[in-house]
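# Structure assessment
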Amino acid sequence: MDEREALSRIADGLAHAGDDAAVVDGTVITTDMLHDRSDFPAGTTRYTAGWRSVGASLSDVAAMGAEATAAVAVYADAAFDPEALEAFIDGAVDVCEFVGGDYVGGDLDRHSEFTVATTAIGETDDPIRRSGASAGEAVCVTGTVGRSAAAVRLFERAASAGETEDAASDRERANELFRFPPRVEAGRRLRPHATAMMDSSDGLARSLHQLSEASDVGFAIDRSAVPVDPAVESVAVDAEDRWDLAAHFGEDFELVVTVPDEEFAVVNDRSPVPIRRIGSVVPAERGVTADGDPLADRGYTHGRTE
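Not measured: the values here are computed from a predicted model. (Residues numbered from 1 in each chain as written. Predicted model: local features only at pLDDT ≥ 70, side-chain atom pairs only at ≥ 80, totals over all residues. Heavy atoms only, no water.)

Once that is clear, we can look at the overall build of the chain. Check the secondary structure of the chain and you find eleven helices and 14 strands. In terms of C-alpha radius of gyration, the chain reaches 19 Å, essentially the compact-globule figure of 19 Å for 306 residues. Its C-alpha atoms give the chain principal-axis dimensions of roughly 55 × 50 × 40 Å. Every one of the 306 residues in the chain was classed for burial, and the buried ones make up 51%. Pairs at least 24 apart in sequence give 85% of the contacts found in the chain among residues at least 6 apart. Total accessible area on the chain stands at roughly 13400 Å², and carbon and sulfur atoms take up 48% of it. Of the side chains in the chain, 27 bear a positive and 58 a negative charge, and the two mean positions are spaced by 3 Å. (Helix = DSSP H or I, 4+ residues; strand = E, 2+ residues; numbered from the N terminus. Rg over C-alpha atoms; globule rule 2.2 N^0.38 Å. Buried < 20%, exposed > 50% of the residue type's maximum accessible area, 1.4 Å probe, protein only. Contact = heavy atoms within 4.5 Å. Areas by Shrake-Rupley, 256 points an atom, 1.4 Å probe, with all protein chains shown as cover. Lys, Arg positive; Asp, Glu negative; His and termini not counted. Charge placed at Lys NZ, Arg CZ, Asp CG, Glu CD.)

Structure below.
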């Protein structure tokens, strides 16, 4: 069984599972695990690892339209280096403060590989699920996509370049890109208008397929409307590679949201970050397409793209 089938089976048996986070009596709760070899390329600082690990869980809170309350993390490594641990905590604290929440600690453990398990909690009495989209609505995305893909390419380029000024510059830029801003405030402001929402951690294309399945709808996407991060331009080898990095790589942690067509102008005005309409919700039998062609259900899966 692959990861998606396993998650589906879990959701079938647990009443609160199946969305980006569980909601129990108004409390939103979610958990994630990241590993050194699959999630933190060579050159990732521990500050960035702290920000990104906790940010990944905060992004799930954002996808429910909730207020962020707090986060904890389990930090495991072969040895506890004081500077590395302090840098990790600094990153975790800063990303929580960025969204108006608190980092309140966690646990330490020994492990053969640097591994982080994070949990975030939030509050909402009116969560946005993945299952409310209807044909005729607009489908939108916050921010830009391809940010993490560009970061990974820069980390790889730096690793192959050795200890040069260009490599140091690439690593610095890659760390900046890896410290994505969780869209908690955007999710909160979108909540009164959104009919379905999730984050794009699995990639834009896969997220659209997951929303399609949950809401029993299709999507017609305009490729030229998809907001590709400018950093992708410096690492993509051609136009198709650019699209692949933007649509299928994943780990961008933007919000993919559907809203009634007539409310998009209001949503656009109220969003604290840029939000782009990238297409329309269509009947399920039309499937998920980009410029009229089927959009492959391909994206990020547990540390790798497929």
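Picking up where we left off.
Turning next to the UniProt feature "binding site: Mg(2+) 4" (unreviewed entry) in the chain. Mapped onto this structure's residue numbering, the UniProt feature "binding site: Mg(2+) 4" (unreviewed entry) falls at Asp20, Thr30 and Asp60. For the annotated residues, spread through 41 residues, the largest C-alpha to C-alpha distance comes to 7.4 Å, consistent with a single compact locus. With respect to the helices and strands, the residue Thr30 is situated in strand S2 (residues 27-35). Those residues in contact with Thr30, other than ones at most four positions away along the chain, are Asp20, Ala21, Ser57, Asp60, Val61, Thr118, Thr119 and Ala120. At 3.4 Å, the side chain of Thr30 forms a polar contact with the backbone oxygen of Asp20. Those residues within four positions of Asp60 in sequence are excluded, and the remaining contacts are Asp20, Ala21, Thr30, Asp32 and Asp199. (UniProt positions renumbered as here; feature names shortened; annotations may be inferred. Polar contact = N/O pair within 3.5 Å; in protein donor to acceptor, adjacent residues only side chain to side chain.)

On to the UniProt feature "binding site: Mg(2+) 2" (unreviewed entry) in the chain. The UniProt record annotates "binding site: Mg(2+) 2" (unreviewed entry) at Asp32 and Asp60. Across 29 residues, the annotated set stays spatially compact, with a maximum C-alpha separation of 9.5 Å. Residue placement: Asp32 occurs in strand S2. In contact with Asp32, not counting residues within four places along its chain, are Ala56, Ser57, Asp60, Val116, Ala117 and Thr118. Mapped onto the elements of the fold, Asp60 is located in helix H3 (residues 46-63).

With that out of the way, let us pick up the pattern of salt bridges. Applying the stated rule across the entire model yields 18 salt bridges. For Asp20, the salt bridge is made with Arg130, and the minimal N-O distance between the two is 3.0 Å. Of this pair, Asp20 sits in the loop between helix H1 (3-13) and strand S1 (22-24) while Arg130 sits in the loop between strand S5 (115-123) and strand S6 (138-142), and the two are 110 residues apart along the sequence. By the burial criterion, Asp20 is buried, and Arg130 matches it. A salt bridge links Arg153 to Asp241; its shortest N-O distance comes to 3.0 Å. Here Asp241 lies in helix H10 (residues 239-247) and Arg153 lies in helix H5 (residues 147-161), a separation of 88 residues in the sequence. (Salt bridge = Lys/Arg side-chain N within 4 Å of Asp/Glu carboxyl O.)

Taken together, the seven strands give an open sheet; going across it, the order is S7-S9-S6-S10-S8-S11-S12, and neighbouring strands pair in mixed fashion. Among the strands making up the open sheet, the edge pair consists of strand S7 (196-199) and strand S12 (293-294). Of the pairings in the sheet, the one linking strand S8 (residues 217-221) to strand S11 (residues 288-290) comprises three bridges and is parallel in character. Counterpart to Ile221 in the pairing with S11 is Ala290. Across the face of the sheet, helix H8 (residues 204-215) comes into contact with S6, S7, S8, strand S9 (255-259), strand S10 (275-283) and S11 while running at roughly 150 degrees to S8. (Pairing = 2+ DSSP bridges. Axes fitted to C-alpha atoms, helices over the stretch in contact; angles between N-to-C directions.)

Below, the discussion takes up helix H6 (residues 165-178). Look at H6: 20 Å from first C-alpha to last across 14 residues, which is about the 20 Å you get at 1.5 Å a residue. Residues of H6 that are buried: Ala167, Asp170, Ala174, Asn175, Leu177 and Phe178. The buried residues of H6 occupy an angular sector of 160 degrees when the element is viewed end-on, so they sit on one face. Those residues of H6 that are exposed and aimed more than 90 degrees away from the buried face are Glu165 and Glu172. (Expected span 1.5 Å × (residues − 1). Arc of directions from axis to C-beta.)

This part is about the pairing of strand S3 (residues 67-77). Across nine bridges, S3 lies against S5 in antiparallel orientation. Within S5, the residue paired with Ala68 across the bridge is Gly122. Judged from the seven bridges that link them, S3 and strand S4 (residues 102-110) form a sheet pairing that is parallel. Considered in S4, the bridge of Tyr75 is made with Leu108.

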